[in-house]
Amino acid sequence: MTRLNKYIANAGVCSRREADKLIVQGKIKINGKVVVELGTKVGDKDVVVYNKKELRSEKYRYILLNKPKNHITTVKDTHDRKTVMDLIEGACPERLYPVGRLDRDTTGLLLLTNDGDLTKRLTHPSFGVKKKYVIQLENSIHPDCLKEMLKGVKLEDGIIKYDEVKYGRQETDRTQLVVTLHSGKNRVIRRTMEYFDKQLLLLDRIEFAGIKKRELTRGKWRFLTPKEIGFLKMVKAG
């Protein structure tokens, strides 16, 4: 048995919260009868109808994309710019949504799914999902800056502490960093580099919630393996 609001959301109609409104407004029918009670359960043989159309709970899909530059992390763009949805067009019949976002110029791993529960868990601050990035700078950055990133950098919206910071190549090349953090604040790495007055040439996410890029090349996508999906669903609040 599945809660009615979840069934409606899984059918791609709207979010659970919006589904509750549809139920209360008497716009949902189960087996020909209007249902207005929140918390109603739906069985496999029940027929759920909205706006004269039978709803079917979708199969959950999980796609990992290696996002290239100049693609917007959104489902639609009013300025007719390229979006990440263009890159996975035709991948599956279900309507997918990005988990979080990457800036237009940021490259790397982006998860897309129709699993609303997982999306909420992976993006909620209490779960502290870790993300790893490669940062390429125009000029070298001093080791003291790395220490400050670990201790805490004071930005305009609060202090940001990085979980791990190290030089990306050998110690003699101080223009590349590999950093790990769990903050979900907007443009936090770019703003950190601005704080240190450093010009950012490349920002590439190489790991998200324990899922690694591996052989996935830029602009390509793949479905997550059952093992990876299980790993993500085990993510717990910190």
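Structure report, in brief. (Residues numbered from 1 in each chain as written. Predicted model: local features only at pLDDT ≥ 70, side-chain atom pairs only at ≥ 80, totals over all residues. Heavy atoms only, no water.)

### Topic: the overall build of the chain
The helix and strand tally for the chain stands at 7 helices and 17 strands. Over its C-alpha atoms, taken along the principal directions, the chain stretches across nearly 70 × 35 × 35 Å. Burial status across the chain gives 44% buried among its 238 residues. The contacts in the chain between residues at least 6 apart in sequence include a share of 62% that link residues at least 24 apart. If you sum the accessible surface of the chain, you get close to 13,900 Å²; carbon and sulfur atoms cover 48% of it. (Helix = DSSP H or I, 4+ residues; strand = E, 2+ residues; numbered from the N terminus. Buried < 20%, exposed > 50% of the residue type's maximum accessible area, 1.4 Å probe, protein only. Contact = heavy atoms within 4.5 Å. Areas by Shrake-Rupley, 256 points an atom, 1.4 Å probe, with all protein chains shown as cover.)

### Quick look at the sheet that holds strand 5 (residues 48–50)
Judged by pairing direction, the sheet is antiparallel, and its 4 strands sit side by side in the order 3-2-5-6 without closing on themselves. A strand with exactly one partner marks an edge of an open sheet, and here the two such strands are strand 3 (33–34) and strand 6 (53–55). Across 3 bridges, the pairing between strand 2 (residues 28–30) and strand 5 is antiparallel. Residue pairing in the sheet places Lys29 in a bridge with Val49 of strand 5. (Pairing = 2+ DSSP bridges.)

### Details of the nonpolar core
Counting 33 residues, the largest nonpolar core has Leu112, Ile135, Ile141, Met149, Val179 and Ile189 as its most contacted members. Those residues within four positions of Ile189 in sequence are excluded, and the remaining contacts are Tyr133, Ile135, Tyr162, Val179, Leu181 and Leu203. One finds Leu122, Phe208, Ile211 and Val235 within the second-largest nonpolar core, a separate group that totals 16 residues. (Core = buried A, V, L, I, M, F, W, Y, C linked by side-chain atoms within 4.5 Å.)

### Considerations on the packing of aromatic side chains
Going through the model one piece at a time under the given rule, you end up with 2 aromatic pairs. Their ring planes at 80° and their centres at 4.9 Å tell us that Tyr195 and Phe196 sit as a pair that is edge-to-face. Judged by relative accessible area, Phe196 falls into the buried class, the value being 12%. (Phe/Tyr/Trp six-rings, centres within 6.5 Å; stacked < 30°, edge-to-face > 60°.)

### Structural notes on the pairing of strand 15 (residues 200–208)
Here 2 bridges tie strand 9 (residues 107–113) to strand 15, and the two strands are oriented parallel to one another. Looking across to strand 15, one finds that Thr107 is bridged to Asp204. One ladder, built from 7 bridges, connects strand 10 (residues 131–137) with strand 15; its direction is antiparallel. Bridge pairing links Leu137 to Leu200 in strand 15. In terms of strand pairing, strand 15 meets strand 16 (residues 211–212) through 2 bridges, oriented antiparallel. When the sheet's bridge partners are listed, Glu207 is paired in strand 16 with Lys212.

### Observations concerning unusual backbone geometry
The phi angle at Asn70 is positive, at roughly 65°, despite the residue not being glycine. Mapped onto the fold, Asn70 is located in the loop between strand 7 (62–67) and helix 3 (84–87).

### A closer look at the side chain of Thr106
Along the chain, Thr106 turns up in the loop between strand 8 (97–98) and strand 9. Thr106 gets classed as buried once you look at its relative accessible area, which sits at 2%. Residues within four places of Thr106 in sequence aside, it is in contact with Lys67, Pro68, Arg190 and Leu203.

### A word on helix 6 (residues 188–195)
With 6 of 8 residues buried, helix 6 lies mostly within the body of the structure. Within helix 6 the residues assigned to the buried category are Val188, Ile189, Arg190, Arg191, Thr192 and Met193. Against strand 10, helix 5 (143–151), strand 11 (153–155), strand 12 (158–160), strand 14 (176–181) and strand 15 lie the buried residues of helix 6. Two residues or fewer after helix 6 comes Asp197, characterised by a positive phi angle close to 60°.

### Observations concerning the environment of Tyr60
Checked against the element boundaries, Tyr60 lands in the loop between strand 6 and strand 7. Here Tyr60 falls in the partly exposed class, since its relative accessible area comes to 25%. Along the sequence, Tyr60 and Glu164 sit 104 residues apart, while their C-alpha atoms lie 33 Å from each other. In this structure, Tyr60 is in contact with Lys6, Asn10, Asn114 and Asp115, ignoring residues within four places of it in sequence.

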